Amino acid sequence: MSSSSTTPQATVHGYPRQGPNRELKKAIEGYWAGRVSAEVLRVTAADLRRDNWHRLAEAGVTEVPTGDFSLYDHVLDATVAVGAIPPRHRAAVAADPLDGYFAMARGTQDVAPLEMTKWFDTNYHYLVPELGPDTVFAANSTKAVAELREALALGHRGRPVLLGPVSYLLLAKPAPGVAADFQPITLLDRLLPVYAELLADLRAAGAEWVQLDEPALVQDRTPAELNAAARAYRELGAVTDRPKLLIASYFDRLGKALPVLAKAPIEGLALDFTGPAAANLDDLAAVGGLPGKRLVAGVVDGRNIWINDLEKSLSTLAVLLGLADRVDVAPSCSLLHVPLDADRERDLDPQVARWLAFARQKAAEAALLARGLGEGASAITAELAANRADLASRAASALTYDPAVRARTAATTAADARRAQAYPERAEAQRTRLGLPLLPTTTIGSFPQTPELRTARADLRAGRIDAAAYRERMEAEVREVIAYQEKAGLDVLVHGEPERNDMVQYFAEQLTGYLATRHGWVQSYGTRYVRPPVLAGDISRPEPMTTDWYRYAQGLTDRPVKGMLTGPVTMLAWSFVRDDQPLAETARQVALALRDEVTDLEAAGAAVIQVDEPALRETLPLRAADRAAYLAWATEAFRLATSAVRADTQIHTHMCYAEFGAIMTAIDDLDADVISLEAARSHMQVAGELAEAGYPREVGPGVWDIHSPRVPSTEEAAGLLRAGLAAIPAERLWVNPDCGLKTRGWSETRASLGHLVAAAREVRAELTG
Ligand SMILES: [Zn+2]
């Protein structure tokens, strides 16, 4: 193969949109509230783009992405660019494109927004395109062209980024009213001319290259879908007067899509070489490389926050150099999934801060690697030495290596992750201890987060009240929540979690090995940003985390109060996790810390302990071949956390969704005594699925859809219960809402729970005659 003819360059697939102080969030929310004009919002956004490009250029990135910036979501931007505006939003978009755009994102009083779902296995959420056989596409290159022109005018070499046509269709769903089995990919032939037009417009505006993102091709794809990809790029490749095409893949290996794209008449391919995508390296060699093409090598992990192992990356790049005509260096995916700038984390131990690389640092790493690749490692000797020292300090740190934690995980056996008694024996012991009625009622954990609670938290942060005063306010809330539940007639109570800011952060703050950032915001969706904790070291629990609150709440009532914990998989999924050991090992450490908490709750008197795992399914690997291994360690971690209890202590778990397909066996492997899950919207379908799978334990399929402000009537809840009874015997059926009540108001909570308890009584009476 020809050796590289061009000096390696650095680039990135995309950059965080928020601004150093979340200026974008403030401007957009100000616009929604009528405080900020459209013009001020436009200028704020343009300023942020200018600053981003400037930062990238300063870091040594010579080709900057354009069009990746978004006021809400890049998939929604693609929907606008291809003119797939749902009919219900057309009037709003015609009246005012900006307001129409936000109407699609958030809905209005009269029209529902587009559905939102997770962007692959990240914690970002996109707006799902709604397509049908009648969808008519029309190119709208306004945004893409304007943002390219901005970059060019500022003197940058801009590379427009668009979501590719195959991924756009594969991420879409049938529009309301369209048959559920409609496959949006069948619209490909209609969509390709629109992409050709977008490409021509970008070429005319001065684009040399355009990046088309095709992340959907890293998932398992049918032969028909792979054929669609082949056809798409054969046709777009044949378009005359188009820019050069860089097809970007990320989050996993391309697998069977790699030979398809390698053969396509396009000019460049971006591949991820981190994590499970590292398999791209061998796969690329196996297909004979990319002769005559440009390879953008994603060797810097674009979705975690640790510094790169530069020497390791250089050796990967050296191999790649022989596999393509030109090799450039980039983070593995858009930097949207990491915070902006690690240099601002001044509260961290300076030594620990040196292990972190956020977007700005990752861009600089890519630039440094491009230089090392082009000029030889000797050109970056000092940087390599500093990197080696930082990696060594991380490996040797007491934070990342706690001998006591290591000894304990090493001594863990399979038996530790098994309850001592089989389920039937436990069920009997629990029935005797708890003495619950048939169809027992409970809630999932949280009660409404009132303005008063948020004020108390703000007051504590601002120093207006002290910890004792804060605790008093929280205790008052717990008293109210317990009293309410007793009066409402619920059987198993919760304390309502007023003291918890977040179900992961609350525990992260109390566990050794976790770090908190000050400015580590990442976009979850739209203007919602989260600041995930950093799981940086070996995990241990210096002292009990929840037993005081449990004792306080249980002291107020004779009915059982649930101990409430977040499970190990969720603790990992909603954090930045360490990349220097297998996830299974990290999960085991977290599980052992939780096991201590479970044991302490039991010792404090808790007869029911709930360990939530809402993230179990969302962390599922993108490729089916990787799933069994993941589910094995994930379910083992849950059992390790929950197996030390006596037979008569009842373990509950909760999941926030109704589609279990791929993880049905895993649900069973958790061996929880009771599982509560979402079911109201799907009319108890999940109860039937569990029954069909032979699920042997107790189930609480939700009878109140808490994602809607609607109050279900007693009749409606009773109807759902009867539907549940058709699948699950009464001795194993619980009555509860779909999820926690944190986002609901008190008035709807009172009304709905009142109906839920009444429905349970009504159906119970039917059963007992
Ligand atoms: Zn939930």
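Reference entry: report on the structure contained in this document. (Residues numbered from 1 in each chain as written. Predicted model: local features only at pLDDT ≥ 70, side-chain atom pairs only at ≥ 80, totals over all residues. Heavy atoms only, no water.)

**Focus on the overall build of the protein**
Thought 1: Scanning the protein from N- to C-terminus turns up 28 helices and 20 strands.
Thought 2: For the protein, the C-alpha radius of gyration of 27 Å lies close to 27 Å, the compact-globule estimate for 769 residues.
Thought 3: Per-residue burial for the protein yields a buried fraction of 59% across its 769 residues.
Thought 4: Partitioning the contacts of the protein with sequence separation of at least 6, the portion at a separation of at least 24 is 79%. (Helix = DSSP H or I, 4+ residues; strand = E, 2+ residues; numbered from the N terminus. Rg over C-alpha atoms; globule rule 2.2 N^0.38 Å. Buried < 20%, exposed > 50% of the residue type's maximum accessible area, 1.4 Å probe, protein only. Contact = heavy atoms within 4.5 Å.)

**Topic: the pairing of strand E10 (residues 290-300)**
Each regular strand shows side chains that alternate between the opposite faces of the sheet.
Thought 1: Taken across its 11 residues, E10 has nine buried, putting it largely inside the fold.
Thought 2: Strand direction decides the pairing type here: strand E9 (residues 268-272) and E10, joined by five bridges, are parallel. Note on E10: the bridge partner recorded for Leu-271 is Ala-297.
Thought 3: Handedness of the crossover joining E9 and E10 through helix H11 (residues 280-286): right-handed.
Thought 4: Strand direction decides the pairing type here: E10 and strand E11 (residues 324-331), joined by seven bridges, are parallel. Within the sheet, the bridge partner assigned to Ala-297 lies in E11 and is Val-329. (Pairing = 2+ DSSP bridges. Right-handed = clockwise from strand over helix to strand, strands pointing away.)

**Remarks on the coordination of the zinc ion**
Thought 1: Taken together, the protein donors to the zinc ion comprise His-654 (NE2), Cys-656 (SG) and Cys-739 (SG), at separations of 2.0 to 2.1 Å.
Thought 2: Each donor residue of the zinc ion belongs to the same chain, and together they define the spacing H-x1-C-x82-C. Of this pair, His-654 sits in strand E18 (residues 650-655) while Cys-739 sits in the loop between helix H27 (714-725) and helix H28 (746-768); the two residues are 85 residues apart in sequence, bridging distant segments of the chain.
Thought 3: Of the residues examined, Cys-739 reaches a relative accessible area of 14% and is grouped as buried. (Donors = N, O, S within 2.8 Å, 3.2 Å for Na, K, Ca; no water.)

**Description of the nonpolar core**
In summary, soluble globular proteins display a tendency toward joint burial of nonpolar side chains.
Thought 1: Judged by nonpolar contacts, the single largest core of 122 residues is most densely connected at Trp-119, Phe-137, Tyr-168, Tyr-233 and Leu-317.
Thought 2: Broken down by element, the residue count for this core peaks at nine residues, all from helix H8 (residues 188-204).
Thought 3: Ignoring any residue separated from it by four or fewer positions in sequence, one finds Trp-119 in contact with His-74, Val-75, Tyr-124, His-125, Tyr-126, Leu-163, Leu-171, Pro-215, Tyr-250, Phe-251 and His-337.
Thought 4: If you look at the next biggest cluster of nonpolar residues, it comprises 97 residues, including Leu-535, Val-561, Ala-584 and Ile-706. (Core = buried A, V, L, I, M, F, W, Y, C linked by side-chain atoms within 4.5 Å.)

**A closer look at the packing of aromatic side chains**
Thought 1: Per the stated rule, a full pass over the model turns up 13 aromatic pairs.
Thought 2: Between Tyr-101 and Phe-102 the ring centres are 5.6 Å apart and the planes differ by 70°, which places this aromatic pair in the edge-to-face class. Neither Tyr-101 nor Phe-102 differs from the other in exposure class; each is buried.
Thought 3: Where Tyr-506 meets Phe-507, the ring centres are 5.3 Å apart and the plane angle is 85°; that geometry is what we call edge-to-face.
Thought 4: The ring of Trp-549 carries Arg-471 above its face, with NZ or CZ at 4.1 Å from the centroid. (Phe/Tyr/Trp six-rings, centres within 6.5 Å; stacked < 30°, edge-to-face > 60°. Lys NZ or Arg CZ within 6 Å of the ring centre and 35° of its normal.)

**Some points on unusual backbone geometry**
Thought 1: Not every positive phi belongs to a glycine, and Phe-120 is a case in point at roughly 50°.
Thought 2: Residue placement: Phe-120 occurs in the loop between strand E2 (116-118) and strand E3 (125-127).
Thought 3: A residue is classified by how much of its surface remains accessible, and Phe-120, at 10% relative accessible area, is buried.
Thought 4: Unlike most non-glycine residues, Asp-241 shows phi in positive territory, near 55°.
Thought 5: In this structure, Asp-241 sits in the loop between helix H9 (223-238) and strand E8 (244-248).
Thought 6: For Asp-241, a relative accessible area of 58% gives the class exposed.

**Describing the pattern of salt bridges**
Thought 1: Counted according to the given criterion, the structure contains 61 salt bridges.
Thought 2: For Arg-464, the salt bridge goes to Asp-459, with nearest N and O atoms at 2.7 Å.
Thought 3: Take Asp-459: its relative accessible area is 10%, and that puts it in the buried class.
Thought 4: Here Glu-636 makes a salt bridge to Arg-588, at a shortest N to O gap of 3.5 Å. Here Arg-588 lies in helix H23 (residues 583-603) and Glu-636 lies in helix H24 (residues 627-642), a separation of 48 residues in the sequence.
Thought 5: On the accessibility criterion, Arg-588 (22% relative accessible area) is partly exposed.
Thought 6: Shared partners join several salt bridges into a network, and the residues in it are Glu-63, Arg-157, Arg-159, Arg-294, Arg-326 and Asp-328. (Salt bridge = Lys/Arg side-chain N within 4 Å of Asp/Glu carboxyl O.)

**Side note on the side chain of Ser-524**
Thought 1: Tracing the backbone through its elements, the reader meets Ser-524 in strand E13 (residues 522-525).
Thought 2: Sequence-distant contacts of Ser-524, that is, excluding residues within four places in its chain, are made with Asn-123, Tyr-124, His-125, Tyr-529 and Val-530.

**Description of the sheet that holds strand E1 (residues 64-66)**
Thought 1: What the seven strands build is an open sheet, ordered E1-E5-E7-E8-E9-E10-E11; its pairing is parallel. Strands at the two margins of the open sheet, each flanked by one partner only, are E1 and E11. Between one strand and the next, the sheet's axes are offset by a mean angle of 30°, whatever the strand orientation. (Axes fitted to C-alpha atoms, helices over the stretch in contact; angles between N-to-C directions.)

**Details of the sheet that holds strand E16 (residues 563-566)**
Thought 1: Strands sit in the order E16-E17-E18-E19-E20 across an open sheet of five strands; the sheet is parallel. Where the open sheet ends on each side, the last strands, each with one partner, are E16 and strand E20 (698-701). The sheet shows a mean angle of 20° between the axes of neighbouring strands, direction not considered.

**Examining the pairing of E20**
Thought 1: Of the two faces of E20, both are covered, the one formed by Glu-698 and Gly-700 as well as the one formed by Val-699 and Pro-701.
Thought 2: For the crossover that starts at strand E19 (residues 674-677), traverses helix H26 (residues 685-692) and ends in the parallel E20, the hand is right-handed.

**Comments concerning H24**
Each α-helix winds once per 3.6 residues, and so residues spaced three or four apart point in a common direction.
Thought 1: In this model H24 runs 22 Å from its N-terminal to its C-terminal C-alpha over 16 residues, within 8% of the 22 Å that 1.5 Å per residue would give.
Thought 2: Regarding H24, the residues found buried are Tyr-630, Leu-631, Trp-633, Ala-634, Thr-635, Ala-637, Phe-638, Arg-639, Leu-640, Ala-641 and Thr-642.
Thought 3: Here the buried face of H24 lies against helix H22 (568-573), H23, strand E17 (608-612), E18 and helix H25 (664-669). (Expected span 1.5 Å × (residues − 1).)

**Comments concerning the environment of Leu-583**
Thought 1: Assignment of secondary structure puts Leu-583 in helix H23.
Thought 2: On the basis of relative accessible area, Leu-583 is assigned to the partly exposed category, the value being 34%.
Thought 3: For the pair Leu-583 and Leu-741, spaced 158 residues apart in sequence, the C-alpha separation works out to 31 Å.

**Quick word on helix H19 (residues 467-488)**
Thought 1: Here H19 spans 31 Å end to end across 22 residues, near enough to the 32 Å set by a 1.5 Å rise per residue.
Thought 2: In the core, the buried residues of H19 are packed alongside helix H18 (451-461), helix H21 (547-554) and H28.
Thought 3: One or two positions beyond H19, positive phi appears at Gly-489, with a value near 90°.

**Remarks on the packing of helix H2 (residues 38-59) against helix H6 (residues 142-153)**
When two helices pack together, their arrangement is given by the angle between their axes and by how far apart the axes lie.
Thought 1: Contact geometry for H2 and H6: axes closest at 11 Å, N-to-C directions at 50°. When the interaxial angle is binned, H2 and H6 end up oblique. As for the relative orientation of H2 and H6, their crossing is right-handed in sense. Residues Ala-46, Arg-49 and Trp-53 of H2 pack against Glu-147, Glu-150 and Ala-151 of H6.
Thought 2: Class assignment of the residues belonging to the contact of H2 with H6 gives a composition of three nonpolar, no polar and three charged. (Parallel < 35°, antiparallel > 145°, perpendicular 65-115°, else oblique. Left-handed = near helix turned anticlockwise from the far one by under 90°. Nonpolar A, V, L, I, M, F, W, Y, C, P; charged D, E, K, R; others polar.)

**Focus: the side chain of Arg-394**
Thought 1: By the secondary structure assignment, Arg-394 is in helix H15 (residues 381-396).
Thought 2: Residues within four places of Arg-394 in sequence aside, it is in contact with Trp-306, Trp-355, Thr-400, Arg-578, Asp-579 and Asp-580.

**Concerning the environment of Arg-346**
Thought 1: Take Arg-346: it is sitting in the loop between E11 and helix H13 (350-353).
Thought 2: Here the alpha-carbon distance between Arg-346 and Ala-458, two residues 112 residues apart in the chain, equals 22 Å.

Worth remembering: the numbers are spatial, not functional.
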